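Given next are the chains, with one letter for each unit.
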Amino acid sequence: MASRRQIWVGGVPIGGGAPVAVQSMTKTETADYEATMSQIRAVADAGGDLVRVAVPREKDVDALRRIVVESPIPVIADIHFNHTLALKAIDAGAHCIRLNPGNIGGPDKVAEVVERATRARTPMRIGVNSGSLPKHLHELERENPVEALVAAAVEFVELMERLEFEDFKVSIKSTSVPNTIASNRLLSERIDYPLHLGITEAGTKWSGSLKSAVGLGTLLADGVGDTVRISLSTFHAEEEVKVAWEILKALKLRERGPVLIACPTCGRLQFDMDTVVADVERRLESYEEPIEVAVLGCAVNGIGEASHADFGITGAKNEGLIFAEGKPLRKVPQERLVDELFVEIDRSLERGRTEADADQVREGADWLRRIEDENAGELTPERIAAMEAAAAVASDGDESEAVTSALAAEGRDDGEDEPVRLDEAISPTAGRRFTRA
Ligand code: SF4
């Protein structure tokens, strides 16, 4: 269930229906003002809404005082074990304080921080980590780690409420993806405060991104989670922001910059797709417009499933085609394909519309039709997908007839094979496989 309450961290709303906020954490020593500010700017440029900085020493508070003034995005001070630093971070003007009430020295010290935060109107993020649950929950943790995480979080929420403080968000973090999913689902049913999502120590850019996409993506698809941080073992905090955005864009929760579509390639591939896609992706990084750009490895299927893309390219051995909104624009030599694609993108963005030369369009369309005709009998991944989709749509009616017509449309016989069926009822996001038994 989505959170009902909303808090504000600086000028960023969290929860209560606000867009899911993207945050990252600097990897620099906060006391190193220049290095920290440079990383904060990189995070902001990549689309970070919020940034967290570690404040483990007095000298970090000194830098924090300047950082909160200069930072282009709100700054959250990350405090552990030392409530005095939390008080000083609030006085330094931090836009939010993150602390674990279980490791700050007892309820009295939590109360002191809360009292100061209330006076300064500083929101807090309170959280529990799977590695640091209070002692009285250790036995429960062994029996049921999910219940133990949720119990710890609820206890902290109740402590805050006893202190008459409600300006906070809550996080439960675990290195286990299933436990992260299950505990946040459960917590979202028990409290209505905004939730911060993350997978602790997720790993390298590759494995950490995947774990985060699975864990956070599952929760976000269910409407659980109001702000996210992707924890990656890289010095480049902005990489975490980029991954977070890809997850949010994939779920259509937020829109930012271009979306790249690329075919998975197969034996029909006609050019060096790896290089071309990497080049297109790199060049698209400098665009802010939410354009969709497709790269197809061959023209055998025509423009096919990429017909909804704003721009695209599809290649053959010596030549390729640039297309826009499902229609051919012009044919270009293979080696100019990417450069000319960006010429068209820039021109279109500048003019606010895509213009085409009628002769070039005709020439491109003829070229495409010729390649499609020459390969009409090919059972490409896209054609198989189209046949499966037709079968699924027709599943209420006479399925075999629908498959026969889909195959006939592709110029093929269906033989004896059973059609592939899609079953939405068992989709991963609809499932509840990780909740408690
Ligand atoms: S048939 Fe499809 S997957 Fe294979 S190269 Fe062509 S567009 Fe890519």
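What counts as what
- Residues numbered from 1 in each chain as written.
- Predicted model: local features only at pLDDT ≥ 70, side-chain atom pairs only at ≥ 80, totals over all residues.
- Heavy atoms only, no water.
- Helix = DSSP H or I, 4+ residues; strand = E, 2+ residues; numbered from the N terminus.
- Expected span 1.5 Å × (residues − 1).
- Buried < 20%, exposed > 50% of the residue type's maximum accessible area, 1.4 Å probe, protein only.
- Arc of directions from axis to C-beta.
- Contact = heavy atoms within 4.5 Å.
- pLDDT = per-residue confidence, 0-100.
- Core = buried A, V, L, I, M, F, W, Y, C linked by side-chain atoms within 4.5 Å.
- Pairing = 2+ DSSP bridges.
- Axes fitted to C-alpha atoms, helices over the stretch in contact; angles between N-to-C directions.
- Near = heavy atom within 4 Å.
- Nonpolar A, V, L, I, M, F, W, Y, C, P; charged D, E, K, R; others polar.
- Right-handed = clockwise from strand over helix to strand, strands pointing away.

Chemist: I'd love a proper account of helix 1 (residues 33-45), names of residues and values included.
Modeler: With 13 residues, helix 1 ought to run about 18 Å at 1.5 Å a step, and its terminal C-alpha atoms sit 18 Å apart, in line with that. Those residues of helix 1 that sit buried are Tyr33, Thr36, Met37, Gln39, Ile40, Val43 and Ala44. Seen along its axis, helix 1 keeps its buried residues to an arc of 165°; they face one direction. Exposed residues lying more than 90 degrees from the buried face of helix 1 are Glu34 and Asp45. On the buried face of helix 1, the contacting elements are strand 3 (21-25), strand 4 (50-54), helix 2 (58-70) and helix 9 (237-250).

Chemist: Give a detailed account of the confidence of the model for the protein chain, specifying residues and quantitative values.
Modeler: Predicted coordinates in regions of low pLDDT should not be interpreted in detail. Per-residue confidence for the protein chain averages 88 on the pLDDT scale, and 90% of its residues sit at or above 70. Within the model, pLDDT remains below 50 along residues 409-437, and this stretch shows 36 contacts once partners closer than five positions in the same chain are excluded.

Chemist: Explain the nonpolar core residue by residue, including any values.
Modeler: The nonpolar side chains of soluble globular proteins are, as a tendency, buried together. Ranked by size, the top nonpolar core spans 80 residues in total, and within it Leu64, Ile79, Ile97, Met124, Phe168, Val170 and Leu187 carry the most contacts. For this core, the leading source of residues is helix 6 (residues 145-162), giving 12 residues. When sequence neighbours within four positions are dropped, the list of residues in contact with Leu64 reads Val53, Val55, Val75, Ala77, Ala89, Ala92 and Ala94. By size, the runner-up hydrophobic cluster in this structure holds 34 residues, among which are Val293, Ile303, Val332 and Phe342.

Chemist: Outline the sheet that holds strand 9 (residues 195-197), listing residues and values.
Modeler: Around the barrel, 8 strands lie side by side as 3-4-5-6-7-8-9-10; this closed barrel has parallel pairing. Each strand of the sheet is rotated relative to its neighbour by a mean of 25°, with strand direction disregarded. By the bridge criterion, 3 bridges tie strand 3 to strand 10 (residues 227-229) in an arrangement that is parallel. Bridge pairing in strand 10 links Gln23 to Arg229. Here helix 6 sits on the sheet in contact with strand 7 (124-129) and strand 8 (168-173), set at roughly 150° to strand 7.

Chemist: Quick one: what's the story with the sheet that holds strand 14 (residues 319-324), residue by residue and with numbers?
Modeler: Pairing is mixed in the open sheet, where 5 strands are placed in the order 11-12-13-14-15. The two strands at the open ends of the sheet, each matched to only one other strand, are strand 11 (259-262) and strand 15 (327-333). Direction aside, the axes of adjacent strands within the sheet are offset by 20° on average. Sheet topology places strand 12 (residues 292-296) next to strand 13 (residues 311-315); 4 bridges connect them, and they run parallel. In the strand pairing of strand 13, Val295 is matched with Ile313.

Chemist: Outline the environment of Val259, listing residues and values.
Modeler: Structurally, Val259 is set in strand 11. In the structure, Val259 is positioned 13 residues away from Glu246 in sequence and 8.7 Å away in space, judged by C-alpha atoms. The residues contacting Val259, other than those within four sequence positions of it, are Lys249, Ile291, Glu292 and Val293.

Chemist: Would you mind going over the site of the ligand in detail, with residue names and values included?
Modeler: Inspection of the region around the ligand gives Cys263, Thr265, Cys266, Arg268, Leu269, Gly297, Cys298, Asn301, Thr380 and Glu382 as its neighbouring residues. Residue composition of the shell around the ligand, by class: 4 nonpolar, 4 polar and 2 charged.

Chemist: Report on the pairing of strand 8, specifying residues and quantitative values.
Modeler: Counting buried residues along strand 8, 6 of its 6 residues qualify, which places the element largely inside the surrounding structure. Burial of strand 8 is two-sided: the residues Phe168, Val170 and Ile172 facing one way and the residues Lys169, Ser171 and Lys173 facing the other way are all buried. For strand 7 and strand 8, the ladder comprises 6 bridges, and the chain directions are parallel. In the sheet register, Val128 faces strand 8, and the bridge partner there is Ile172. Bridge count for strand 8 against strand 9 is 2 bridges, and the pairing is parallel. Bridge pairing in strand 9 places Ser171 opposite His196. Each parallel crossover has a hand, and for strand 8 linked through helix 7 (residues 177-190) to strand 9 it is right-handed.

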